[in-house]
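Close look at the chain arrangement
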Amino acid sequence: MTAQPDHQAARGFNPPMGTLAELREALSTWGFPGDRQRFEEELDALDLDDLTKVRELTQAYRHRVLLRYDPQAMAALARTTADVEAELRRKLAEAGAL
C-alpha cells in the first residue's frame, strides 16, 4: 500500500486515530471491507524498528478511514470508468490535445 498524505477531513466527525489501538478500532468500524485484516498483515510483515515504515503504513490506513468521511472522495470512488474516461476526453478536447 502506498502511503497517502495525512489530511484531516474538513467537515464532520473524524474518529480518534492517535494510537494503534484507536486506528484498529477506526478500521474495524469505519474502514473499507478488509482494511483491518490487511493492516494487521502489513504491520506484522514490517520491522517495527523501522519507524519510517510503520509511520507510512499507519498514515496510509488513517487516510483510508478519512476517505470514508469525505463525501466527495466517496463519490469519486463510485464513478464508473466510462464516466471518468468521458470527462478526461472532454477536458483534453477543451485543452486542444485531441
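Structure report, in brief. (Residues numbered from 1 in each chain as written. Predicted model: local features only at pLDDT ≥ 70, side-chain atom pairs only at ≥ 80, totals over all residues. Heavy atoms only, no water.)

1. Some details on the overall build of the chain
When helices and strands are tallied, the chain shows five helices and zero strands. Listing the helices and strands of the chain from first to last along the sequence gives α-α-α-α-α. Burial statistics for the chain: of 98 residues in total, 24% are counted as buried. Within the chain, contacts between residues at least 6 apart in sequence are counted, and of these 59% link residues at least 24 apart. For the chain, the exposed surface amounts to about 6,700 Å²; the carbon and sulfur share of it is 55%. (Helix = DSSP H or I, 4+ residues; strand = E, 2+ residues; numbered from the N terminus. Buried < 20%, exposed > 50% of the residue type's maximum accessible area, 1.4 Å probe, protein only. Contact = heavy atoms within 4.5 Å. Areas by Shrake-Rupley, 256 points an atom, 1.4 Å probe, with all protein chains shown as cover.)

2. Here's the deal with the packing of helix 1 (residues 20–30) against helix 3 (residues 51–69)
Interhelical geometry of helix 1 versus helix 3 gives an angle of 40° and a closest axis separation of 10 Å. Classed by the angle they form, the pair helix 1 and helix 3 counts as oblique. In this structure, the crossing between helix 1 and helix 3 has a hand that is left-handed. On helix 3, the residues that touch Leu20, Leu23, Ala26, Leu27 and Trp30 of helix 1 are Thr58, Tyr61, Arg62, Val65, Arg68 and Tyr69. Among the residues making up the contact of helix 1 with helix 3, the classes are represented as eight nonpolar, one polar and two charged. (Axes fitted to C-alpha atoms, helices over the stretch in contact; angles between N-to-C directions. Parallel < 35°, antiparallel > 145°, perpendicular 65-115°, else oblique. Left-handed = near helix turned anticlockwise from the far one by under 90°. Nonpolar A, V, L, I, M, F, W, Y, C, P; charged D, E, K, R; others polar.)

3. Some details on the packing of aromatic side chains
A full pass over the atoms with the stated rule returns one aromatic pair. For the ring pair Phe39 and Tyr61, a centre distance of 5.3 Å and an interplane angle of 70° mean the geometry is edge-to-face. Here Phe39, found in helix 2 (residues 35–45), pairs with Tyr61, found in helix 3; they are 22 residues apart in sequence, far enough to count as distant. A single burial state applies to Phe39 and to Tyr61, both of which are buried. (Phe/Tyr/Trp six-rings, centres within 6.5 Å; stacked < 30°, edge-to-face > 60°.)

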